[in-house]
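# Inside the fold
Given next are the chains, with one letter for each unit.
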Amino acid sequence: MGTDDRTSSSQHLYAAQPRTAAGAAALASLQSLSDSIHDADEGALRALQMRPIDALALMHLVDAGRVERFLSPTDLALRLRLSTAGVTKLVDRLFRDGRVERRPPCP
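Let us look at the structure shown here. (Residues numbered from 1 in each chain as written. Predicted model: local features only at pLDDT ≥ 70, side-chain atom pairs only at ≥ 80, totals over all residues. Heavy atoms only, no water.)

## A short note on the pattern of salt bridges
We apply this condition: Think of a salt bridge as a Lys or Arg side-chain nitrogen and an Asp or Glu carboxyl oxygen that are within 4 Å of each other. Every helix listed is a DSSP run of H or I at least four residues long, and every strand listed is a run of E at least two residues long, numbered separately from the N terminus. Relative accessibility decides the category of a residue: with a 1.4 Å probe and only protein chains considered, values under 20% of the type maximum give buried, values over 50% give exposed, and everything between is partly exposed.
All told, the structure shown has six salt bridges when counted by the stated rule. Put simply, Arg93 and Asp54 hold a salt bridge, and the shortest N to O gap is 2.6 Å. You can see Arg93 sitting in helix 5 (residues 84-96) and its partner Asp54 sitting in helix 3 (residues 52-66), a full 39 residues away along the chain. Relative accessible area serves as the criterion here: at 3%, Asp54 is assigned to the buried category. Between Arg96 and Asp97 there is a salt bridge whose closest N-O contact spans 3.4 Å. Its relative accessible area of 36% is what places Asp97 among the partly exposed residues.

Here it is as structure tokens:
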């Protein structure tokens, strides 16, 4: 692999300008859609008075619950790339806000 191959494969997907007006319009539409989704997500989190990391933690907990799998604080810390102390604070906050309940693991 030459230097040019490495450079082009590591560039961002949208780094090159579109070759046609239709391509530019499609990219602009995708960016607008992405911005709208981001704005809607932020609005929902504000309305729920939640932090993005709280929502992500809840998503992992719900996913684990769907398959009836216990998710320990250590497991959650690994998934969220947080320290165990950080996850403890997060879970304390979710518990305080009535978003999760604590249960000992089943044997």
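## Some thoughts on a negative patch on the surface
Under the convention used in this document: Grouping into patches uses exposed residues only, defined as over 30% relative accessible area, and leaves out salt-bridged ones; the cut-off is 9 Å for like charges and 5 Å for nonpolar side chains (Val, Leu, Ile, Met, Phe, Trp, Tyr). Areas reported as accessible are Shrake-Rupley estimates using a 1.4 Å probe. Residue values count occlusion only from the protein chains shown. Under this rule, positive means Lys or Arg and negative means Asp or Glu; His and the chain ends count for nothing. Taken as the charge location is NZ of Lys, CZ of Arg, CG of Asp or CD of Glu.
A contiguous patch of negative charge, built from Asp35, Asp39, Asp41 and Glu42, is present on the exposed surface. Locating Asp35 in the fold gives a position in helix 2 (residues 21-48). Judged by relative accessible area, Asp35 falls into the partly exposed class, the value being 38%.

## Side note on helix 4 (residues 73-80)
Since the α-helix packs 3.6 residues into each turn, any two residues three or four apart lie on the same face. Rules: Directions from the helix axis toward the C-beta atoms define the arc. Contacts are assigned to residue pairs with any non-hydrogen atoms lying within 4.5 Å of each other.
Every buried residue of helix 4 is accounted for by Leu76, Ala77 and Leu80. Projection of helix 4 onto a plane perpendicular to its axis shows the buried side chains occupying an angular sector of 105°, all on one side. If you follow the buried residues of helix 4, they end up packed against helix 3 and helix 5. Residue Arg81 follows helix 4 closely and has a positive phi angle near 60°.

## Observations concerning the nonpolar core
Note the cut-off: Nonpolar cores are built from buried Ala, Val, Leu, Ile, Met, Phe, Trp, Tyr and Cys residues. Side-chain atoms within 4.5 Å join them into one set.
In terms of nonpolar packing, the biggest core is built from 14 residues, with Ala57, Leu76, Leu90 and Leu94 touching the most fellow members. Where this core is concerned, the elements lending two or more residues are helix 3, helix 4 and helix 5. Residue contacts for Leu90: discarding those within four places in its chain leaves Ile53, Asp54, Ala57, Leu80 and Leu82.

## Side note on helix 5
Heads up, the condition is: The length a helix should cover is 1.5 Å for every residue beyond the first.
Taking 1.5 Å of rise per residue, the 13 residues of helix 5 would be expected to cover 18 Å, and the 18 Å separating its terminal C-alpha atoms lies within 8% of that figure. Those residues of helix 5 lying buried are Val87, Leu90, Val91, Arg93 and Leu94. Viewed along the axis of helix 5, the buried residues span an arc of 160°, placing them on a single side of the element. Along helix 5, the residues that are exposed and aim more than 90 degrees away from the buried face are Lys89 and Arg96. Of the surrounding secondary structure, the elements contacted by the buried residues of helix 5 are helix 3 and helix 4. Residue Gly98 follows helix 5 closely and has a positive phi angle near 75°.

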